[in-house]
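As a plain string of letters, each chain reads:
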Amino acid sequence: DAKTTQPNSMESNEEEPVHLPCNHSTISGTDYIHWYRQLPSQGPEYVIHGLTSNVNNRMASLAIAEDRKSSTLILHRATLRDAAVYYCILRGGSEKLVFGKGTKLTVNP
Amino acid sequence: GAVVSQHPSWVICKSGTSVKIECRSLDFQATTMFWYRQFPKQSLMLMATSNEGSKATYEQGVEKDKFLINHASLTLSTLTVTSAHPEDSSFYICSATTGGIQPQHFGDGTRLSIL
């Protein structure tokens, strides 16, 4: 699976939007972009995924660059419960997920 | 929907004993289940991929005789850590999926401590 690059950490204030970037310059045409997050002492939680078009769900929005070499996970109004490690993962033909180090998001009250 | 239950949530046992961890998909049938291990302050590392009714596929470096995986049904997979030693202490997490590009749904993990 192609590699992704994310900042090690980011900080946000409660009730403000958060934009979490992910670079994946070696993405292939069949790779889907998946986002998961892991709250402390829990298993990861699926957030969203997309291929080419921007995607929205109840948890977040995914903005995908036109050349697909980067994407941004958008949390529209951060809450304290959104403090977690966010993982951006590319999935091609394999069902496997390869987790990198992710971005640790801190949300300040 | 898409709930995965993992049991037990934590276990402490003596060195040399075997420990079984269960992973159940409660409201869907999982064609594939995965087992991960996570050491403190590190990311998840995939240990093996499990399909119902067939042998698990282990990642490189994972001992299949030490980490026994059984996937008896479309809703249950078990991981048995045999003859556990302190270095096996870790956070073990399972996930399940209906296949293809569908998301993986994760259990809450099992914290294993070997004394």
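Quick caveat: nothing in here was measured; it's all calculated off a predicted structure.

Chemist: Explanation requested: the pattern of salt bridges in the structure shown.
Modeler: A pair can form between side chains of opposite charge whenever their charged atoms are brought close. Across all of its chains, the model carries 6 salt bridges over all chains by this definition. Residues Glu59 of chain B and Lys96 of chain A are paired through a salt bridge, measuring 3.1 Å at the closest nitrogen-oxygen approach. Placement of Glu59 of chain B in the loop between β6 (57–58) and β7 (67–73) and of Lys96 of chain A in the loop between β8 (84–91) and β9 (103–108) is noted, with the two residues assigned to different chains. Look at the salt bridges and you will find they share partners, linking Arg37, Glu45 and Asp82 of chain A into a network.

Chemist: Help me understand the sheet that holds β9 of chain A in this model?
Modeler: What links the strands of a sheet is backbone hydrogen bonding, and the strands pair in either a parallel or an antiparallel sense. Residue and element names in this part refer to chain A. Sheet architecture is open: 5 strands sit in the order β1-β9-β8-β3-β4, paired in mixed fashion. Unpaired on one side and paired on the other, β1 (9–13) and β4 (45–50) mark the two borders of the sheet. Between one strand axis and the next, the sheet turns through 25 degrees on average, direction left out of account. Here β1 pairs with β9 via 5 bridges, running parallel. Within β9, the position partnered with Asn13 by the bridge is Asn108.

About the thresholds
- Residues numbered from 1 in each chain as written.
- Chains lettered and ligands numbered in written order.
- Predicted model: local features only at pLDDT ≥ 70, side-chain atom pairs only at ≥ 80, totals over all residues.
- Heavy atoms only, no water.
- Salt bridge = Lys/Arg side-chain N within 4 Å of Asp/Glu carboxyl O.
- Helix = DSSP H or I, 4+ residues; strand = E, 2+ residues; numbered from the N terminus.
- Pairing = 2+ DSSP bridges.
- Axes fitted to C-alpha atoms, helices over the stretch in contact; angles between N-to-C directions.

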